[in-house]
Amino acid sequence: MDNTENNRSLNFIEEIIEEDLQSGKNNGRIHTRFPPEPNGYLHIGHAKAICLSFGMAQKYNGKCNLRFDDTNPVTEDVEYVDSIKEDISWLGFAWHGEAHYASDYFDQLYEWALKLIRLGKAYVDEGSADDISSDRGTPTQPGKESPYRDRSVEENLDLFMRMKNGEFEDGSKILRAKIDMASPNMHMRDPVLYRIKHAHHHRTGDKWCIYPMYDWAHGQSDYIEGITHSLCTLEFEVHRPLYDWCLDQIAEGPYRPRQIEFARLNLNYTVMSKRRFLQLVCEEYVSGWDDPRMPTICGLRRRGYTPESLRNFVEIVGIAKRENVIELALLEHTVREDLNKIARRVMAVSNPVKVVLENYDPEKVEMMEAENNPEDESAGTREIPFCSELYIERDDFMEDPPKKFFRLSPGNEVRLKNGYIVKCTGFDRDELGQVTEIRCTYDPLTRSGLEGANRKVKSTIHWVSARHAIDVEVRLYDRLFSVPDPDVVEEGKDWKSNLNPDSLKIITAKAEPGLANAKPGEKYQFQRTGYFCVDKDSTPDHVIFNRTVTLKDDWAKIVTRE
RNA sequence: UGUCCGAUGGUGUAACGGUAGCACUGCAGAUUUUGGUUCUGCCUGUUCAGGUUCGAAUCCUGAUCGGACAACCA
């Protein structure tokens with residue numbers, strides 16, 4: 001393991017870190033942070049950022065803080081704070097010390113703002129939002145300086161303190177940095193530092209009515225916490241000069257946190273935006289933030305994804321600066337890979353048709369031994385009842401099988417998993433032509449484990465005893481959107497028109513009786529069907545399974561294949 | 001006709017001036033009491049044009065294409 005570890009090439013962030021380490025920067029200290037705004041639930045995109053920031057700290061023996069970027073009280077809530085903590089822990093990471101909050105630094109940030117004013121580098125503007133916006137110019141045209149730009153330090157100080165004291169209405173005044181209205185970088189054209197919001201903050205309550213903007217809070221918070229490498233996504237690249245500028249105004253000594261940007265994660269057939277998730281939740285397109293179809297961490301968790309598989313996914317996806325769209329198949333691959341090792345194999349029939357064994361004693365019940373997981377001997381075995389009346393999968397029988405159909409058909413033999421080899425002798429159908437019952441004979445010498453069972457047959461199918469099976473609810477999930485890029489919307493239509501109408505199907509399946517004891521969160525593989533996870537709403541009377549992922553995607557092709 | 005960033009198979013990601021590799025997908029085959037797993041093989045790639053060099057995915061120049069930036073959001 002350590003060999004491959006050493007041989008693996010470094011990503012560009014690791015290269016930067018190792019350079020910094022070699023040049024003795026920050027005395028070899030590595031300190032990262034994960035800085036979510038508590039205005040929504042975390043999604044798979046955040047998992048990438050989390051694995052990166054925590055992962056770098058782990059790899060280089062450093063620390064990683066959790067800091068809530070809570071500078072905008074109107075969108076934020078403790079509900080989100082709690083969920084974010086839970087999701088990070090579930091992913092398997094532990095932040096250094098207590099969770100931090102940008103709001104912890106409001107006093108310091110205010111002091112630094114006063115310092116900036118005294119330096120003549122910030123001023124209070126009272127133009128309307130529209131005026132200020134239009135005076136900022138466009139990316140291709142320079143902005144115009146505000147008429148309030150050259151107020152005296154005393155006047156600015158007075159106005160800013162009165163802003164803080166609540167003397168002014170929301171939106172009537174802002175504090176701006178005095179940088180360069182002609183800068184080719186829009187963010188340097190006298191950016192807003194503070195705005196007035198008479199709003200209740202989930203942590204500071206009503207103490208403040210002015211709140212710092214991201215650019216004034218983020219770098220400073222990094223600085224206060226001693227962050228060395230501040231990893232964020234590409235859209236903040238343009239902010240970096242401002243990040244550095246703000247720090248240069250207030251920092252003492254040579255230490256500076258360093259912002260490094262990487263490309264965010266995109267998945268096809270998936271939207272990745274808290275704003276849109278909120279719409280899906282509020283407008284009840286999904287059952288909640290943890291709907292198993294959602295790409296939120298809690299949704300994936302409920303769906304049956306494991307932390308290991310998510311971490312592995314992020315690892316495989318890699319890290320770079322170019323835009324990327326990952327195929328959903330890769331995520332599904334990492335889940336299957338992990339689930340294959342840990343999920344218990346069980347039998348459940350989702351679309352049952354009855355099979356009667358004509359030569360099997362109708363009174364008799366045998367207990368068949370079944371392996372819980374062929375990939376893991378320590379998972380042990382269990383016993384399943386077998387009798388003359390069984391259910392098998394309707395798809396596992398064909399009257400006129402095509403060439404490569406290996407399962408049950410008239411005159412053909414097939415093995416019942418953990419049971420006997422049976423031969424189809426006939427079947428009945430109703431007036432609609434649907435098969436109602438299949439008749440078979442079984443070969444008593446071929447019971448699983450006996451010598452006679454070594455006989456080769458083309459295929460093995462799963463079954464449950466019709467007299468012992470329990471009914472379970474099975475929720476079959478498909479991709480939430482029916483197009484690879486849900487952001488591309490047809491003319492005149494809403495992005496939600498891209499939702500897949502078949503993203504959820506609920507069926508009742510016949511399952512082996514032991515499944516009555518299944519506990520929420522447990523992972524199962526339904527033989528030859530897919531991986532399933534017991535839903536949190538399950539009760540002993542009513543077991544609910546969420547389909548995590550199918551075993552293979554080409555199930556449909558198997559029947560029709562030439 | 002602004003600034004910044006980027007461009008390697010279908011999708012991701014390596015190669016840091018010296019044989020374009022890995023993973024996923026797809027296709028074929030072997031094994032299999034899961035049409036699963038495992039194993040084997042195959043397909044497909046350096047955006048373009050110049051330049052530097054014995055040698056360029058890599059360095060330089062230009063073009064092309066893509067993305068980000070004009071919230072009192074983060």
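Predicted model, so just to flag it, every value in this text is computed and none were measured.

**Regarding the sheet that holds strand 19 (residues 460-461)**
And step 1. Judged by pairing direction, the sheet is mixed, and its 7 strands sit side by side in the order 19-16-17-18-12-15-20 without closing on themselves. Sheet topology places strand 19 and strand 20 (463-465) at the edges, where each strand pairs with a single neighbour.
And step 2. Of the pairings in the sheet, the one linking strand 16 (residues 413-416) to strand 19 comprises 2 bridges and is parallel in character. Among the inter-strand pairings, Arg415 is bridged to a residue of strand 19, identified as Thr460.

**What to know about the packing of helix 3 (residues 44-59) against helix 12 (residues 307-317)**
Packed helices, taken two at a time, are described by the angle between their axes plus the distance between the axes.
And step 1. Where helix 3 meets helix 12, the closest approach of the two axes is 10 Å, and the angle between their N-to-C directions is 75°. On the basis of their axis angle, the class for helix 3 and helix 12 is roughly perpendicular. Contact residues: Ile44, Ala47, Lys48 and Cys51 in helix 3; Leu310, Arg311, Phe313 and Val314 in helix 12.
And step 2. Across the contact of helix 3 with helix 12, the residue classes break down as 6 nonpolar, no polar and 2 charged.

**Details of the side chain of Gln525**
And step 1. Among the secondary structure elements, Gln525 is positioned in strand 23 (residues 523-526).
And step 2. Here Gln525 falls in the buried class, since its relative accessible area comes to 6%.
And step 3. With sequence-adjacent residues up to four places away left out, Gln525 is seen in contact with Ala343, Arg344, Arg345, Val346, Gly530, Tyr531 and Leu551.

**Regarding the sheet that holds strand 1 (residues 31-34)**
And step 1. One open sheet holds the 3 strands; their spatial order is 1-2-3, and the pairing between them is parallel. Unpaired on one side and paired on the other, strand 1 and strand 3 (100-101) mark the two borders of the sheet.
And step 2. Pairing of strand 1 with strand 2 (residues 63-68) involves 4 bridges; the strand directions are parallel. Note on strand 2: the bridge partner recorded for Thr32 is Cys64.
And step 3. Those strands touched by helix 8 (residues 214-225) are strand 1, strand 2 and strand 3, and its axis lies near 140° from that of strand 2.

**Here's the deal with unusual backbone geometry**
And step 1. Residues other than glycine seldom take positive phi values, yet Asn26 does so here, at roughly 55°.
And step 2. Relative to the assigned elements, Asn26 resides in the loop between helix 2 (12-22) and strand 1.
And step 3. Taking the relative accessible area as the measure of exposure, Asn26 reaches 17% and is therefore buried.
And step 4. We note that Arg528 has phi near 65°; this positive angle belongs to a residue other than glycine.
And step 5. By the element assignment, Arg528 lies in the loop between strand 23 and strand 24 (530-534).
And step 6. Here Arg528 falls in the buried class, since its relative accessible area comes to 19%.

The rules behind each value
Counting of residues starts from 1 at the beginning of each chain's written sequence and follows it residue by residue. Chain letters start at A and ligand numbers start at 1, both assigned in the order the entries are written. Two thresholds apply to this predicted model, a pLDDT of at least 70 for residue-level local features and 80 or more for giving and counting side-chain atom pairs, whereas whole-chain, interface and lining totals are computed over all residues. Only hydrogens and water are set aside when side-chain values are computed; all heavy atoms of the structure are taken into account. At least two DSSP bridges between two strands are required for those strands to pair. Segments assigned H or I by DSSP are reported as helices when at least four residues long, segments assigned E as strands when at least two residues long, and all are numbered from the N terminus. Here an axis means a line fitted to C-alpha atoms, over the contact stretch when the element is a helix, while the angle between two N-to-C directions is reported on a 0 to 180 degree scale. For this classification, under 35 degrees means roughly parallel, over 145 means roughly antiparallel, 65 to 115 means roughly perpendicular, and everything else is oblique. In this analysis, two residues are considered to be in contact whenever any of their non-hydrogen atoms come within 4.5 Å of each other. Asp, Glu, Lys and Arg are counted as charged, while Ala, Val, Leu, Ile, Met, Phe, Trp, Tyr, Cys and Pro are counted as nonpolar; the rest, among them Gly, fall into the polar class. With a 1.4 Å probe rolled over the protein chains alone, any residue whose accessible area is under 20% of its type maximum counts as buried; one over 50% counts as exposed, and the rest are partly exposed.

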